[in-house]
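The primary structure of each chain is shown beneath.
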Amino acid sequence: MNNTETVKAGLKKRYAREKRFQFYGKAAVMSGFVFLIFLLFDITTKAIPAFSITEILLEVPMDRSSLGLSTDTSVSIDDEAIAAIDYAGLVKKSLRSQFPEATKRKDKKLLYRLMSGSAEYELRQLIIDDPGLIDGEPLSIWFKADDDVDTFYKLKRNTSRIKAQQVEFIASLKTESRIRTALNWDFFTNGDSREPEQAGIKGALLGSFWTLLVTLMVSLPVGIAAAIYLEEFAPQNRLTDFIEININNLAAVPSIVFGLLGLAVFINFFGMPRSVPLVGGLVLSLITLPTIIISSRAAIKSVPPSLREAALGLGASHMQMVFHHVLPQAMPGVLTGAIIGMAQALGETAPLLMIGMVAFIVDVPDGVLDSATVLPVQIFLWADSPESAFTALTAATILVLLAFLTVMNALAILLRNYFERQR
Amino acid sequence: MQQRNKKTASPSLSLGNFASTIGENLLNDAKISTRDVNVSYGDKQAIYDASLDIGRNQVIALIGPSGCGKSTFLRCLNRMNDTIGICKVSGKLMLDGEDIYAKKMDPVLLRARVGMVFQKPNPFPKSIYDNVAYGPRIHGLARSNAEVDEIVITSLEKAGLFEEVKDRLNAPGTSLSGGQQQRLCIARTIAVSPEVILMDEPASALDPIATAIIEELIDELRQNYTIVIVTHSMQQAARVSQRTAYFHMGRIVEVGDTNRIFTNPRHEMTENYITGKFG
Amino acid sequence: MQVTSLFLMIVGLGLLAFFLSFQRSARYNGPTRLRSLPHHYASLTAVWTVFPALLLMIVWSIIEPSYLQQKIEASLTTEIADQSSDAIGLYLNRVHLAIASGTVDADPVVQSLVVAYEKAALQSRYLNTAMVLVLCLGGITLGLSKILFKVHARVGIERLLKAFLILCSGVAIVTTIGIVLSVLFESIRFFNAVSVFDFMFGTSWSPQTSIRSDQVGSSGSFGAVPLFLGTLLISLIAMVIAVPVGLMTAIYLSEYATGKFRTIAKPTLEVLAGIPTVVYGFFAALTIAPFIRNVGESIGLSVASESALAAGIVMGVMIIPFVSSLSDDVIRAVPQSMRDGSLALGATRSETIKKVIIPAALPGIVGSVLLAASRAIGETMIVVMAAGLAANLTVNPLEAVTTVTVQIVTLLTGDQEFDSPKTLAAFALGLMLFVTTLLLNVIALHVVRRYREQYE
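Residues numbered from 1 in each chain as written. Chains lettered and ligands numbered in written order. Predicted model: local features only at pLDDT ≥ 70, side-chain atom pairs only at ≥ 80, totals over all residues. Heavy atoms only, no water.

## Side note on the interface of chain A and chain B
The interface of chain A with chain B comprises 9 residues on the first partner and 13 residues on the second. When chain A packs against chain B, the two sides together hide about 910 Å² of surface, and 60% of this comes from carbon and sulfur. (Contact = heavy atoms within 4.5 Å. Buried area = accessible area lost by both parts, 1.4 Å probe.)

Pasting the structure below:
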């Protein structure tokens, strides 16, 4: 019997199937790529507006009567008098002198709404810093515009929030070159705010810093110690097995469950304060611990036995061998794992919601016991805000977060390459 | 005859002695014929100018020390080397006058005609039945389940395994003993009804009794198939083959009737090898 | 603050002890050589100085509150002490309030109690400091005496170090126990208020409890079935995306791709797993959900603005790398001889993959899918941001559903009384979540391990 012809007859169909299968494979890989690129592109385009801000140039009079101070030049102006100046009124006055045609109450109101609420504080700070400005020439200052004006001017997109009268004001400012877009430094130097044009991520950045600091201080020593024990000293018994199973399972427990643990144990049982980096850091260290233990064990295991034998052969104790020879050799691997663990902790959100790190906090935290929020939670908070300008801020914060994660992972890869070259 | 130890038998000293093959390497009406085959893996050449004919319905044994290229040569015959990206084959290899490495030669069709049995038994993680039915099914050789049954049973019978497994055809193939697994792999190959069966040291992982059974089986299979067997055991080559080719450092040193090769080798390296001076 | 300064004092004394002892043992000039190095002796002295003192401090801070409580109760005048325990509790609360806020309570009884309390607190503080100091100085004295050189300091230090190592590896167990206990206790309290049956099989979820107990019809209902169903629905959508794409990716990368493509593609795809989930949540809520809504409406379907589909799709993409990299590992672990055997029979590569390699790798693949499923069930931020709060009992992916994790977050964010059933419900949900994911993980890890053993 000759099967050759039978096989030949089926070949065409089988090769078509082969091709289709390979195509599915390629399509699967590509769909992952496409999604990743689309995600990054979408977030980047959404983020771009957040990095610039619209500013309006105002002439602020500095004579005493405009400032509402006593016109008697012999009276010296003390700090109290400066603090008592009606700065908001001053900003309004400057606006009115810019647009004398706005006389009706409604028009004036619309006019005032061009400016950000931060203008008066900026002015105040300026005069407090240099009281000599008083009695001087009128000041020309670029003040931040309101976020609706910002969106309208920057993106040429009119929401219903900008009235026809305001459009005219802005056009007139434009012809006089009194409106511009500038780099939005405040995004990096301010804390959170209800006003998008004043909101920044400094508070969240520092919150993340303090939280990660606690995480690192707890999880790195504990993780290394646990890895050393399990890899070098632990006897082969049930307890050791149980510890190992525990570590593997903890690595896969949803992070929100750790949040419940943090709430029940740290806050309710130990009475630690809510919303603080200390508690957040402790919870995150429990989450990252399995990662650090597993990678540290792998690094310790990869130290060649010849090195151990050499150390033991010279009469070092087991403990000395581990701390003088094995651990230094394994350190790059341990650190790689620690960085990856920290990157994981930096992106973690859900457990921090549980322990109250979602509060609206304007102040920049100065330590691990100050109320704070962290970058991912800031993203969560802003993503929920109704103002459209917050969408851009959210996307920009995501870019900052991703930049940090990229740097950390790049560091981990560099360290690993260095580690492998050493071998 | 000079006394040579292992060291002095190195190729650098004796390359000139086996630059071309000695003996009856060419035949009339060969099943497979190869001419000036060169094979290399990247920069490393594994086969030099091999020319060998393989006769119909007979067993040819490829012997030689390890690393001599006999397995590489075997894998060229059904293009299993294709799976290794860096492997390059040049020269002429013909199966019944068709070029094995021609563009229009389909490797799938070729492998259906030239089957292969490996050194380590490698049954699929399926039942005994499914292992044997695998080939006929993918090639569409059976039109009905009854036909598949028939093919499976005849193949197992031909491989001398049917009596041992007929009660547990649904047991996993891996549950068999090593020798049984290897016969299962042979049955699997037979099920596709190939013209040639390549065997790469099929008994090297088996105990002596299983080896003896496999050797008997090979002798029976000769009636219907052309068999090329690579072996490191000279006794096995002497027992099962009609012709023998001796490989050394990527070259075919000597080819001839098995009886002649083992009783009257013409090349001194062949002689050194079969008398156990090295290898 | 007092605790901090005491702690700093102990640390300072410890450093001093280390320094002094190091000097002394470095200059040691006895009849025989010392058995350990100077820093071993110095460390041991420091440990003697610091450890007992620290231990005392911890014990003290634990027993101090109840000691003070007793002191105040003892100073209660008889007429108050005769009153019911509730009234006493009320007094004590006022005392604590006055102390914490620093205000002066109008009630003279409370005032006198505050005075008594503060006196007792001061006494306790002096006593604590004095005892800590004695212990520290005792440690230093012992460390600087001749006794030090009689012990084998290195062995002692190493024993302590080993104890520390064991303690640290116990953290994993303590964490697990902590999780179990914290969710279990609160859940039990919850199930005292709401029956297990109502929770597990009730189909109505509205955890808003009344403010006053006499309000009608607002006792809240805690039927968690809509949450379970919502979680299942979104996870299912995610798996429908992640399993085929992840598996095909793994197959392509391990069986077809060239080495070069693989080294680029694998880490690139793993970036998907490294992106924080809050980012996916933002993307799902602001890009994918409106897109699905627009598409749906253009073909005349009504789509909720927070559809299960949007959250599910994005979650699916997120877990692709979990499926693909684990599957990739298990596919590559299938021995080459399997591929050779199949190819030698004349199978094409896809036939080999579909009929030999995938069946061989199946246990491992199942394991990876289970792990991915547990990931999907426990995922929080995507669903919090992109799925809704509405506890609809539906399997329509275009409608809004809510999940277990979303409800945990909603019930626990913001300030709430800790013992209202609403808050406790979050822990009951947490228990369900923990048990489910734990089961999935244990099974998955077991299956994968068995699979690895098969080919080792």
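## Description of the sheet that holds strand β3 (residues 179-183) of chain A
Strand pairing in a sheet relies on backbone hydrogen bonds, with the paired strands running either antiparallel or parallel. All names here are of chain A. One open sheet accounts for 3 strands, arranged β2-β1-β3; its pairing is antiparallel. What marks the edges here is a single partner per strand, and that holds for β2 (139-144) and β3. Within this sheet the neighbouring strands show an average axis-to-axis angle of 40°, counted without direction. The sheet contacts of helix α7 (residues 147-155) involve β1 (52-60) and β3, and relative to β1 the element is tilted by about 115°. (Pairing = 2+ DSSP bridges. Helix = DSSP H or I, 4+ residues; strand = E, 2+ residues; numbered from the N terminus. Axes fitted to C-alpha atoms, helices over the stretch in contact; angles between N-to-C directions.)

## Some remarks on the pairing of strand β2 (residues 30-41) of chain B
Residue and element names in this part refer to chain B. Counting buried positions along β2 yields 9 of 12 residues, so the element is predominantly enclosed. Pairing between β2 and strand β3 (residues 44-55): 8 bridges, direction antiparallel. Paired with alanine 30 across the bridge in β3 is glycine 55. Connecting β2 to the next strand, β3, in antiparallel fashion are 2 residues, including glycine 42 with a positive phi near 60°. Bridge analysis of β2 against strand β5 (residues 87-95) gives 8 bridges, and the strand direction is antiparallel. Residue pairing in the sheet places serine 40 in a bridge with lysine 88 of β5. (Buried < 20%, exposed > 50% of the residue type's maximum accessible area, 1.4 Å probe, protein only.)

## Here we look at the pattern of salt bridges
Under the definition given, this model contains 33 salt bridges over all chains. As a salt-bridge pair, C:Glu297 and C:Arg293 come within 3.7 Å of each other at their nearest N and O atoms. One end of the pair, C:Glu297, and the other, C:Arg293, are both in helix α11 (residues 277-298), 4 residues apart, so they sit about a helical turn from each other. Note on C:Glu297: relative accessible area 43%, which makes it partly exposed. Bridged by salt links that share partners, the residues B:Asp29, B:Lys31, B:Arg56, B:Asp96, B:Glu98, B:Arg113 and B:Glu195 form one connected network. (Salt bridge = Lys/Arg side-chain N within 4 Å of Asp/Glu carboxyl O.)

## Topic: the packing of aromatic side chains
Scanning the entire structure with this criterion turns up 24 aromatic pairs over all chains. Centroid distance A:Phe23 to A:Tyr24: 6.3 Å. Interplanar angle 55°. Geometry classified as tilted. Pairwise contacts between aromatic rings join C:Phe190, C:Phe191, C:Phe199, C:Trp205, C:Phe222 and C:Phe228 into one cluster. Lying over the aromatic face of B:Tyr48, B:Arg251 brings its terminal NZ or CZ to 4.3 Å of the ring centre. (Phe/Tyr/Trp six-rings, centres within 6.5 Å; stacked < 30°, edge-to-face > 60°. Lys NZ or Arg CZ within 6 Å of the ring centre and 35° of its normal.)

## Digging into the interface of chain C and chain A
Contacts between chain C and chain A engage 76 residues on the former and 74 residues on the latter. Carbon and sulfur atoms make up 79% of the area that chain C and chain A hide from each other, which totals about 6,400 Å². When the buried surface of chain C facing chain A is broken down by residue, C:Leu165, C:Phe282 and C:Phe283 rank first, second and third, together holding 10% of it. Scanning the region where chain C abuts chain A turns up 1 salt bridge. The salt bridge involving A:Arg14 is made with C:Glu351; its shortest N-O contact spans 2.7 Å. Top contributing element to the side of chain C that touches chain A by residue count: helix α17 (residues 421-454) of chain C, with 10 residues. A per-class count over the side of chain C that touches chain A returns 46 nonpolar, 22 polar and 8 charged. (Nonpolar A, V, L, I, M, F, W, Y, C, P; charged D, E, K, R; others polar.)

## A look at the packing of helix α15 (residues 318-347) of chain A against helix α6 (residues 153-169) of chain C
Two measures define how a pair of helices packs: the angle their axes make with one another and the distance between the axes. At a closest axis distance of 10 Å, the pairing of α15(A) and α6(C) adopts a crossing angle of 65°. When the interaxial angle is binned, α15(A) and α6(C) end up roughly perpendicular. Crossing of α15(A) over α6(C) shows left-handed handedness. The residues of α6(C) that touch α15(A), namely those facing A:Met319, A:Gln320 and A:Phe323, are C:Arg154, C:Glu158, C:Leu161, C:Lys162 and C:Leu165. The class makeup of the residues in the contact of α15(A) with α6(C) is 4 nonpolar, 1 polar and 3 charged. (Parallel < 35°, antiparallel > 145°, perpendicular 65-115°, else oblique. Left-handed = near helix turned anticlockwise from the far one by under 90°.)

## Concerning helix α12 (residues 255-269) of chain A
Residue and element names in this part refer to chain A. Taking 1.5 Å as the rise per residue, α12 with 15 residues should run 21 Å; its terminal C-alpha atoms sit 20 Å apart, in good agreement. At glycine 262, α12 shows its strongest bend, of approximately 25°. The buried fraction of α12 is high, at 12 of 15 residues. Along α12, the residues classified as buried are Ser255, Ile256, Val257, Phe258, Gly259, Leu260, Leu261, Gly262, Leu263, Ala264, Phe266 and Ile267. (Expected span 1.5 Å × (residues − 1). Bend = angle between axes of the 7 residues up to and from the residue.)

## Comments concerning a nonpolar patch on the surface
Residues C:Ile177, C:Val180, C:Leu181, C:Leu184, C:Phe185 and C:Ile188 make up a contiguous nonpolar surface patch of roughly 510 Å² in combined accessible area. Among the structural elements, C:Leu181 can be located in helix α7 (residues 171-193). (Patch = residues over 30% accessible without salt bridge, like charges linked within 9 Å, V, L, I, M, F, W, Y side chains within 5 Å. Areas by Shrake-Rupley, 256 points an atom, 1.4 Å probe, with all protein chains shown as cover.)

## A look at the domain arrangement of chain C
Its domain assignment divides chain C into domain 1 (2-169) and domain 2 (221-454). Inter-centroid distance (C-alpha atoms) of domain 1 of chain C to domain 2 of chain C is 51 Å. (Domains from an automatic or database assignment.)

## Things to note about the domain arrangement of chain A
Under the domain assignment used here, chain A contains domain 1 (4-48), domain 2 (51-184) and domain 3 (202-422). Of note, the centres of domain 2 of chain A and domain 3 of chain A, computed from C-alpha atoms alone, are 47 Å apart.

## Observations regarding the sheet that holds β5(B)
The strand order across the open sheet formed by 4 strands is β3-β2-β5-β6 (chain B), and the pairing between neighbours is antiparallel. The open sheet has two edge strands, β3 and β6 (98-99) of chain B, and neither has a second partner.

## With respect to unusual backbone geometry
At A:Ser177, a position not held by glycine, the phi torsion is positive, near 55°. By the element assignment, A:Ser177 lies in the loop between α8 (164-175) and β3. Phi at B:Asp96 is positive, roughly 50°, even though this residue is not glycine. The topology assignment puts B:Asp96 in the loop between β5 and β6.

## Describing helix α14 (residues 349-378) of chain C
Helical geometry note: an α-helix holds 3.6 residues per turn, so side chains three or four residues apart project in the same direction. Compared with the 44 Å implied by 1.5 Å per residue over 30 residues, the 37 Å span of α14(C) between its first and last C-alpha is markedly short. Most pronounced at C:Leu362, the bend in α14(C) amounts to some 60°, and the proline C:Pro363 follows within four residues.

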